[in-house]
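Here are the chains, one letter per residue:
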Amino acid sequence: MPIEFMEIDGKYLEGGGQILRNALSFSCILRTPVRIVNIRANRPNPGLSNQHLFGLNLLVQITDAQVNGNYIKSTEVEFNPNKIKAGKYFVNTQTAASISLVLQCALPVLSFAGAQSELELIGGTNVGMAPQVDFMTEVLRPNLEQFGVSFDFDLMTRGYYPRGGGRCKVHIPPVRCLNPISLTDFGNIQEVTGWCFVAGRLPADLAKSMKISAEQELSVLRGSHQCQLEAYKESPEVARDNGSGVVLKATTNTNCTIGSSSLGEKKVDAQELGAKAGRDLAQLLSHQICVDSYVQDQLILYMALAKGQSKILTTPLTNHTRTAIYVAEKMCGARFTEQKLNENQVLLTCIGIGYVSEK
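Remember, predicted model here, so these are calculated numbers, not experimental data. (Residues numbered from 1 in each chain as written. Predicted model: local features only at pLDDT ≥ 70, side-chain atom pairs only at ≥ 80, totals over all residues. Heavy atoms only, no water.)

1. What about helix α5 (residues 204-218)?
Think of an α-helix as turning once every 3.6 residues; residues three or four places apart then point the same way.
Thought 1: Over its 15 residues, α5 runs 22 Å from end to end, which matches the ideal 21 Å to within 8%, given 1.5 Å per residue.
Thought 2: Listing the buried residues of α5 in full gives A207, M210, S213, A214 and L218. All buried residues of α5 lie within an arc of 140° about the axis, which places them on one face of the element.
Thought 3: Buried residues in α5 make contact with β10 (189-199), β11 (226-233), β12 (243-252) and α6 (270-286). (Helix = DSSP H or I, 4+ residues; strand = E, 2+ residues; numbered from the N terminus. Expected span 1.5 Å × (residues − 1). Buried < 20%, exposed > 50% of the residue type's maximum accessible area, 1.4 Å probe, protein only. Arc of directions from axis to C-beta. Contact = heavy atoms within 4.5 Å.)

Following this line, the structure appears as structure tokens:
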């Protein structure tokens, strides 16, 4: 019999790589053949780029999937997965393609593999248009742990644009099902921590400048919380190329973890780099946001698969999040409702499908 593919329109709203990643992850977990058309249609260079192709081919390995269209610049992919296999997997992008984005599509799949898996990734750890790996471990991971999902992350070397070469190992323990979450009570800030770093030929003083400007922005916050930011230069063994960045996070006494980050670019001075991250976090905390806008879209898949009702108090929904909701509702039947509380806060509720792994 011919395969019946569920069709996902890759040009919906945000029209980027996230539609592809989420659709493929759902396809693997639910064993649903999927056809994604108009891939990255809203991007300057449509179709599959390196990082999307590596993520796709990794999922082909993990599920022994039948696939058509897995080549650079392809705008249509047909993907028919088999059973998820736990194991050791290795991906070398040979570029600065984002390790975080490859992990983003593989993590939920390997979480349902039935046994622990190991993923070794080589590529970009701190690159533009993607979460820095530090944000994934320090901010996203505590939020995922509320669902029962986690991962151990061992960073050996950092990889910056354009050469990449960052290397990490990720260990992913299995889960059978996901807990619903409720992140709606901001509570009180316990502490604010952060990391301001430079690498390569960049002087350590730049990291100190980032730290000072971030602290100045955060000083507007009131309360007894401690602000502990570190400024440092990466050793040559960890990072050989030029790079810089800031990752900040705040935790509250009600288990909220909220973050902000900024990545060094040409023509952006260190002071503004730190100030931006500090300003962004200070604004989130002053509005008592429980889930920041960068984590928001990454929780949609997990909310959809969890058993029962999940709720998050977050910022106005981003196009990334609305896109993720489109994919989730179409592929698994979960239902999301959005309640705007004021101009800064949205209560997002999901009735998840209660997926349980076969293992």
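2. Focus on the packing of aromatic side chains
Thought 1: Taken as a whole and assessed by the stated rule, the structure comprises 5 aromatic pairs.
Thought 2: Seen in terms of ring centroids, F147 and Y302 are 5.7 Å apart; in terms of plane orientation they differ by 35°. Their pairing is tilted. One end of the pair, F147, is in the loop between α4 (133-145) and β7 (152-157); the other, Y302, is in helix α8 (residues 300-305), and 155 residues separate them in sequence. With respect to class, F147 is no different from Y302; both count as buried.
Thought 3: Just above the ring of F151 sits the side chain of R141; from NZ or CZ to the centre is 5.2 Å. (Phe/Tyr/Trp six-rings, centres within 6.5 Å; stacked < 30°, edge-to-face > 60°. Lys NZ or Arg CZ within 6 Å of the ring centre and 35° of its normal.)

3. Some thoughts on the pairing of strand β8 (residues 166-172)
Thought 1: Taking every second residue as pointing to the same face, the buried face of β8 carries G166, C168, V170 and I172, while none of R167, K169 and H171 on the other face is buried.
Thought 2: Note that strand β6 (residues 117-123) and β8 share 7 bridges and pair antiparallel. What sits directly across from L121, in β8, is C168.
Thought 3: Sheet topology places β7 next to β8; 5 bridges connect them, and they run antiparallel. When the bridges of β8 are listed, L155 appears paired with C168. (Pairing = 2+ DSSP bridges.)

4. With respect to the side chain of T32
Thought 1: In this fold, T32 is placed in the loop between α1 (17-30) and β2 (34-37).
Thought 2: For T32, a relative accessible area of 18% corresponds to the buried category.
Thought 3: In this structure, T32 is in contact with M6, S27, F79, P81 and M331, ignoring residues within four places of it in sequence.

5. What to know about the pattern of salt bridges
Note on pairing: side chains with opposite charge can pair once their charged atoms come close.
Thought 1: Applying the stated criterion across every chain yields a total of 16 salt bridges.
Thought 2: Measuring nitrogen to oxygen at the nearest pair gives 3.3 Å for the salt bridge that ties D9 to K11.
Thought 3: Its relative accessible area of 41% is what places K11 among the partly exposed residues.
Thought 4: Counted as one network, the salt bridges with shared partners bring together E7, R35, E76 and E78. (Salt bridge = Lys/Arg side-chain N within 4 Å of Asp/Glu carboxyl O.)

6. Focus: the nonpolar core
Thought 1: F26, F79, L299 and F336 are the most contacted members of the largest nonpolar core, which has 108 residues in total.
Thought 2: Once residues within four sequence positions are removed from consideration, L299 is found in contact with L140, N143, L144, F147, I181, V291 and I312. (Core = buried A, V, L, I, M, F, W, Y, C linked by side-chain atoms within 4.5 Å.)

7. Here's the deal with the sheet that holds strand β15 (residues 335-340)
Thought 1: Spatially, the 4 strands line up as an open sheet ordered β9-β14-β16-β15, and their pairing is mixed. In the strand order of this sheet, the two ends are held by β9 (182-183) and β15, each with one partner.
Thought 2: Summarising the sheet, β9 and strand β14 (residues 307-314) pair through 2 bridges and their orientation is parallel. Opposite L183, over in β14, you have I312 as the bridge partner.

8. With respect to the packing of helix α3 (residues 99-111) against α4
Thought 1: Contact pair α3 / α4: the axes reach a minimum separation of 10 Å and the direction vectors enclose 25°. Relative to α4, the element α3 is oriented roughly parallel. α3 and α4 meet at a crossing whose hand is right-handed. Every residue of α4 that contacts α3 at I99, S100, L103, Q104 and L107 is listed here: V133, M136 and L144.
Thought 2: Class assignment for the residues of the contact of α3 with α4 results in 6 nonpolar, 2 polar and no charged. (Axes fitted to C-alpha atoms, helices over the stretch in contact; angles between N-to-C directions. Parallel < 35°, antiparallel > 145°, perpendicular 65-115°, else oblique. Left-handed = near helix turned anticlockwise from the far one by under 90°. Nonpolar A, V, L, I, M, F, W, Y, C, P; charged D, E, K, R; others polar.)

9. Regarding the UniProt feature "binding site: ATP" (unreviewed entry) in the protein chain
Thought 1: Under the UniProt annotation, the feature "binding site: ATP" (unreviewed entry) is placed at Q104, Y294, V295, Q296, D297 and Q298. Taking the farthest pair of C-alpha atoms as the criterion, the annotated set spanning 195 residues converges on one region, since that pair is 13.4 Å apart.
Thought 2: Excluding its chain neighbours within four sequence positions, the residues that come into contact with Q104 are R21, P131, M136 and Q298.
Thought 3: A polar contact of 3.2 Å, which involves the side chain of Q104, links it to the side chain of R21.
Thought 4: Residue position: Q298 is located in the loop between α7 (293-296) and α8.
Thought 5: With residues near it in sequence (within four places) discarded, Q298 still touches Q104, P131, M136 and L140.
Thought 6: One polar contact links the side chain of Q298 to the main-chain carbonyl oxygen of Y294, over a distance of 3.1 Å. (UniProt positions renumbered as here; feature names shortened; annotations may be inferred. Polar contact = N/O pair within 3.5 Å; in protein donor to acceptor, adjacent residues only side chain to side chain.)

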